[in-house]
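Inside the fold
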Amino acid sequence: MSKSIRKVNFKLSTIFILFIVLLNSVCLFATVAENKGEIVVFGNEIADDATPKVLERMMQAEASPISVIKFKKGTYHFYPDKGLEVFCYISNHDDVMVRTAFPIFNFSNLTIDGQGSTFIFHGRMVPFLVDNSKNISIKNVSVDWAMPFHSEGVVVARDEKNKTFDLQISDDYPYEIRNNQIVFVKEYYEHTLGQTILYDPERKAIAFDTESYTNISNGKKSAVQNNIDKIKYKYKIDPRSKTQKVLGIQKTLKVEQLKPGLVRFTGHKKKMPPIGMVLTSKGDQSINRLAPAFRVTHTAGFNAINVNVHHAGGMGLIAENSSDLILDGFNITASNGRMVSTSADATHFVGCRGKVELKNCVFKNQLDDATNVHGTYQEVVDVIDDYTLGVRMGHAQQQGFQIGVKNDNIGLVRLSESFFSYGRLTIKSIKKINGRYQKITFNEKLPAKVAPGDLIENLDGYPDLLVENCTISSNRARGLLISNPKNTIIRNNFFHTEMEAILIPVESGHWFESGNAANVVITGNTFQDCQHSGFNRGVIRFVTDDDNENIAFKNIEISKNTFNHFDNLILEVANTDGLKVLGNTITNSGTFPMLHPKNPAIKIKTSKNIQFKNNNYKGKATTILEKDKTITNVKFK
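Residues numbered from 1 in each chain as written. Predicted model: local features only at pLDDT ≥ 70, side-chain atom pairs only at ≥ 80, totals over all residues. Heavy atoms only, no water.

Here's the deal with the overall build of the protein chain
Counting its secondary structure elements, the protein chain contains two helices and 54 strands. Radius of gyration (C-alpha) of the protein chain: 27 Å, near the 26 Å computed for a compact globule of 637 residues. Each principal axis of the C-alpha distribution contributes one length, and for the protein chain these read about 105 × 70 × 55 Å. The 637 residues of the protein chain split such that 54% are buried. Total accessible area on the protein chain is roughly 27400 Å²; 51% of this is exposed by carbon and sulfur atoms. (Helix = DSSP H or I, 4+ residues; strand = E, 2+ residues; numbered from the N terminus. Rg over C-alpha atoms; globule rule 2.2 N^0.38 Å. Buried < 20%, exposed > 50% of the residue type's maximum accessible area, 1.4 Å probe, protein only. Areas by Shrake-Rupley, 256 points an atom, 1.4 Å probe, with all protein chains shown as cover.)

And the structure:
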């Protein structure tokens, strides 16, 4: 190579290097400019009640930006008395007036670092309210409540003949008895008996066969009603709403105090709960979800890293209409000897997009699912004009939920015909009339066939989901409840759940949670003694609310998992096109007595393109594979 060519190459290389340096400098400057803001440090001088000082600085952020908030390691208490009051429609929760010290509204590139601190909240507060923000990170903090939103007591005596049982209640759970009903009293809050379930204190998990004993029954048909049937409603009503669900029911349970801390329950209709079990109570279903630890809405980029949530009066985290959410080391665990962590789901994602990742998390002892990922069905009630629909929220706890934003793709669904949309429109505008009813105008003309009773869903409001290296155990309800037609990977997790470890539904009749499922990989997981509460269901279950043979689920792989199960039924499949069950090991644990010994290991119906290969069965089922007449040429192997 000539010297002149080498000189030219050298000059070009030098120019290229200078260009890269300059480019990096520009990028660095842009990053610094974007993150420009004060680093705020709070210390133990505010620990007695951190709410006023924290809130004061948060509310100054528009004029004086913040990039990082740090807390010197310690224990900080947050009281509602001086917190910011905000009314919130919270999906899958009650719609409530709450208070907060962390109103993260319209923030960009904010990090809150607890540096190992514990935040203890008092009463009806939402610790972190995140809305309309971008790139928010919260890390190295533990969240707890001084007094939990649930209550616990130990069963110390029972009498099957006289239908009574006695409960020993510690001083941690103050109560009073009103009109023969027990009411648990907290700071700024109280609850009745309501929803109940048993925990086994030795296993610190939901008690085996708890469904035989709980819920503690407390109602029968009202003895007197006069002209109730003459009340007529012009429009559809929700029988599960707060005003409707109490009609026609009177309390039948009676509670009396035998001595301080010892109470007797009379009138329970199921089996008397076993002595030594812990009865947990969280109040009536329609009013017991009001204080999640994290509420994230309309936010692009949210990270929770090394965060522990020991309790919340609702979910650990509820995210709505947000994108790119990563939880790494986000742990839900009970504290202070309690059986219960959060009183509802550990995490929940509604209408989220981009990616949702749950990695290296522990979800234990919560009173509902570890996670639930879905969209929202809304019901068409009016065809207003050629471009506009009037839609209604199906469930009381969906009120106020906005199904999408401008130009989002909306699918029109008629489930009697198909689980997939028959038409697609894009949003032009949404006009909220009230919490239940909205008017949506579309860019395109409505199809001629659209009619009241059809459903709509946001086809863009689903994420690519990863659940990896997580421990999900000792909780009520399911592990993962997934209605996601994008891509889902469930890999290398441990499950020990009271109900299904993984439930993949189309749910259109109660919660109106939209989404079927496609491209689901379930691999490398361990399923240990799931479904131990008494339900006759599979450990993994694909199911639809609507009784038809239409395909709802596509392209599913269940591979290289270990099922160590005390009972028979491992897998229930319906309405599926394309299922591969490969290289799984199924054994009988012997941990508990079998509840449903006549079941097969696997049930399949209304499905096609099913393949079993290289599976190792060591269980006790007489029949391994049970299938309906629609399925041919499928064998377990």
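Now that the structure is up, let's keep going.
Topic: a positive patch on the surface
The grouping of Lys613, Lys627, Lys635 and Lys637 at the surface amounts to a positive patch. Examined against the element boundaries, Lys637 turns out to sit in the segment after β54 (625–627). (Patch = residues over 30% accessible without salt bridge, like charges linked within 9 Å, V, L, I, M, F, W, Y side chains within 5 Å. Salt bridge = Lys/Arg side-chain N within 4 Å of Asp/Glu carboxyl O. Lys, Arg positive; Asp, Glu negative; His and termini not counted. Charge placed at Lys NZ, Arg CZ, Asp CG, Glu CD.)

Examining the packing of aromatic side chains
Counted according to the given criterion, the structure contains 26 aromatic pairs. With 5.7 Å between their ring centres and 65° between their planes, Phe294 and Phe330 make a pair best called edge-to-face. Of this pair, Phe294 sits in strand β22 (residues 294–297) while Phe330 sits in strand β25 (residues 323–332), and the two are 36 residues apart along the sequence. Each of the two residues, Phe294 as well as Phe330, counts as buried. Summarising the aromatic geometry, the rings of Phe612 and Phe636 are spaced 5.6 Å apart at their centres and angled 50° between planes, so their arrangement reads as tilted. In this pair, Phe612 sits in strand β52 (residues 608–613) while Phe636 sits in the segment after β54, placing the two residues 24 residues apart along the sequence. Its guanidinium or amino end placed over the ring of Tyr422, Lys449 lies 4.3 Å from that ring's centre, counting from NZ or CZ. Sitting over the ring of Phe535, Arg537 keeps its end group 4.2 Å from the ring centre. (Phe/Tyr/Trp six-rings, centres within 6.5 Å; stacked < 30°, edge-to-face > 60°. Lys NZ or Arg CZ within 6 Å of the ring centre and 35° of its normal.)

Here's the deal with empty space enclosed by the protein
Following the criterion strictly, the structure yields six cavities of 30 Å³ or more and no others. As a volume, the largest cavity reaches approximately 70 Å³. Lining the largest cavity are Ile540, Ile558, Phe563, Ile570, Leu571, Val581, Asn584, Ile586, Ile602, Asn615 and Phe636. Of the residues belonging to the lining of the largest cavity, the class tally is nine nonpolar, two polar and no charged. Estimates place the volume of the second largest cavity at around 50 Å³. Lining the second largest cavity, in full, are Gln531, Phe535, Asn536, Arg537, His565, Asp567, Asn568, Leu569, His596 and Asn599. Of the residues belonging to the lining of the second largest cavity, the class tally is two nonpolar, six polar and two charged. (1 Å grid on protein atoms, 1.4 Å probe; cavity = no way out; pocket = protein on both sides within 12 Å on 5 of 7 lines; lining within 4 Å. Points joined across faces, edges and corners; volume = space filled by probe spheres on them. Nonpolar A, V, L, I, M, F, W, Y, C, P; charged D, E, K, R; others polar.)

Some points on the pairing of strand β39 (residues 487–491)
Of the two faces of β39, only one is covered, namely that formed by Thr488 and Ile490; the face formed by Asn487, Ile489 and Arg491 stays uncovered. Both β39 and strand β43 (residues 517–523) contribute to a ladder of four bridges, which runs parallel. When the sheet's bridge partners are listed, Thr488 is paired in β43 with Val520. (Pairing = 2+ DSSP bridges.)

Quick notes on unusual backbone geometry
Here the amide bond leading from Thr214 into Asn215 is cis, since omega sits at 0°, within 30 degrees of zero. Positionally, Asn215 belongs in the loop between β16 (205–206) and β17 (220–221). The residue Asn469 is not glycine, and still its phi comes out positive at about 60°. Along the chain, Asn469 falls in the loop between β36 (463–468) and β37 (471–475). On the basis of relative accessibility, which here comes to 38%, the residue Asn469 falls in the partly exposed class. Positive phi outside glycine occurs at Ala477, with the angle close to 70°. Tracing the chain through its elements places Ala477 in the loop between β37 and β38 (480–482).

Things to note about the sheet that holds strand β35 (residues 455–458)
Reading around the circumference, β30-β31-β34-β33-β32-β35 is the order of the six strands in this closed barrel, with antiparallel pairing throughout. On average, each strand axis in the sheet is inclined to that of its neighbour by 50°, with strand direction left out of account. Judged from the five bridges that link them, strand β33 (residues 423–432) and strand β34 (residues 437–442) form a sheet pairing that is antiparallel. Each residue of the ladder has a partner; that of Ile430, found in β34, is Ile440. (Axes fitted to C-alpha atoms, helices over the stretch in contact; angles between N-to-C directions.)

Here's the deal with the side chain of Glu500
Counting through the fold element by element, Glu500 comes out in the loop between β40 (494–497) and β41 (502–506). Classification of Glu500 by relative accessible area gives buried; the value is 0%. A polar contact is formed between the side chain of Glu500 and the side chain of Arg541, at a distance of 2.8 Å. Excluding residues within four positions of it along the chain, Glu500 makes contact with Ala477, Arg478, Gly479, Gln531, Arg537, Gly538, Val539 and Arg541. (Polar contact = N/O pair within 3.5 Å; in protein donor to acceptor, adjacent residues only side chain to side chain. Contact = heavy atoms within 4.5 Å.)

Here we look at the nonpolar core
Judged by nonpolar contacts, the single largest core of 116 residues is most densely connected at Phe102, Ile104, Phe302 and Phe330. At five residues, the largest contribution of residues to this core is made by strand β9 (residues 134–145). The next biggest cluster of nonpolar side chains, apart from the first, holds 20 residues, and it includes Tyr175, Val255, Val263 and Met277. (Core = buried A, V, L, I, M, F, W, Y, C linked by side-chain atoms within 4.5 Å.)

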